[in-house]
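Single-letter residue listing:
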Amino acid sequence: MMTIGYLIGAPIAILLLIVFFTLYIKSKRLKESRINDVSKLKQGKVHNVFSLNFPLTEEKKQKVLIYLNSIDAKTLEGTNKEIISYINANSKALLGGIFNLEATKFPIRIVVFLKENRTEIQMDDNYGFQKFKGNAKNVFEQKNKEAFEYHFSMISQLIN
């Protein structure tokens, strides 16, 4: 009789944990997606800034927006006309697992802005709750860096 309780209770507990983390991540991302002041965005655990030695013109900004729309990014305009964009749902990444997910499917935030006559492209992981250790942490960091390089390459090719 006790075995039946464990057989039923364990899956329910796991399901409740998944639901809790999914709701937590969605509420966190919703809150973050309302922030349009770049200076108030929290830096991700994996973070990189790329710089291009030319200004971000309106024409170039439109090309970036077209690219981001083509990959189903959720984009908003910053208080100083920056592009703030969120790519890939982190709930899908959480359920898919970091080991099984392609680097380009990792949830990241891309911010494109003008700084001192240069185009800056800031990228942060947007995975949500993570307490990775050892190999999982290395895979998490490596795949985010691959995603950053990929999206930077795509954007820089469009606006160069």
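Below, the structure is looked at part by part. Along each chain, the written sequence defines residue order, and numbers are assigned to residues from 1. pLDDT decides what is reported in this predicted model: residues at 70 or higher carry local features, side-chain atom pairs at 80 or more are listed and counted, and totals for whole chains, interfaces and linings draw on all residues regardless. Heavy atoms from the whole structure form the basis of all side-chain values; hydrogens and water molecules are not counted.

What about the pattern of salt bridges?
Formally: Each reported salt bridge corresponds to a side-chain nitrogen of Lys or Arg within 4 Å of a carboxyl oxygen of Asp or Glu. Strands are runs of DSSP state E lasting at least two residues, helices are runs of H or I lasting at least four, and both sets are numbered from the N terminus onward. The classification of residues rests on relative accessible area computed with a 1.4 Å probe and restricted to protein chains. Under 20% of the type maximum is buried, over 50% is exposed, and intermediate values are partly exposed.
Inspection of the entire model under this criterion finds 5 salt bridges. A salt bridge links Lys61 to Glu58, with the nearest nitrogen and oxygen atoms 3.9 Å apart. Highlighted residues: Lys61 and Glu58, both in helix H2 (residues 58-70), separated by 3 residues, approximately one helical turn. Given a relative accessible area of 52%, Glu58 falls into the exposed group.

A short note on the packing of aromatic side chains
The following threshold applies: What counts as a ring pair is set by centres within 6.5 Å for rings of Phe, Tyr and Trp (its six-membered ring), and what kind of pair is set by the plane angle: stacked under 30 degrees, edge-to-face over 60, tilted for all other angles.
What the rule picks out here adds up to 2 aromatic pairs. Seen in terms of ring centroids, Phe50 and Phe152 are 4.3 Å apart; in terms of plane orientation they differ by 10°. Their pairing is stacked. In this pair, Phe50 sits in strand S1 (residues 47-52) while Phe152 sits in helix H4 (residues 134-159), placing the two residues 102 residues apart along the sequence. Pair check on accessibility: Phe50 and Phe152 agree, each one buried. Taking the centre distance of 6.2 Å and the plane angle of 50° together, the rings of Phe106 and Phe140 count as tilted. Separated by 34 residues along the polypeptide, Phe106 in the loop between helix H3 (90-96) and strand S4 (108-115) and Phe140 in helix H4 bring together distant segments of the chain. What makes Phe106 buried here is its relative accessible area of 0%.

Details of a nonpolar patch on the surface
As a reminder of what qualifies: Exposure above 30% relative accessible area and the absence of a salt bridge qualify a residue for a patch, where like charges join within 9 Å and nonpolar side chains (Val, Leu, Ile, Met, Phe, Trp, Tyr) within 5 Å. A 1.4 Å probe and the Shrake-Rupley method give the accessible areas. Residues count as covered only by the protein chains that appear here.
A surface patch of nonpolar side chains, amounting to about 280 Å² of accessible area, comprises Leu15, Val19 and Leu23. Position of Leu15 among the secondary structure elements: in helix H1 (residues 2-33).

Section: the pairing of S4
Under the convention used in this document: DSSP calls a pair of strands paired once it identifies at least 2 bridges connecting them.
The element S4 is largely enclosed, with a buried count of 6 among its 8 residues. Judged from the 5 bridges that link them, strand S3 (residues 83-87) and S4 form a sheet pairing that is antiparallel. What sits directly across from Ile87, in S4, is Ile108. Where S4 lies against strand S5 (residues 118-125), 8 bridges are found, and the strand directions are antiparallel.

Geometric values such as these leave the question of function open.
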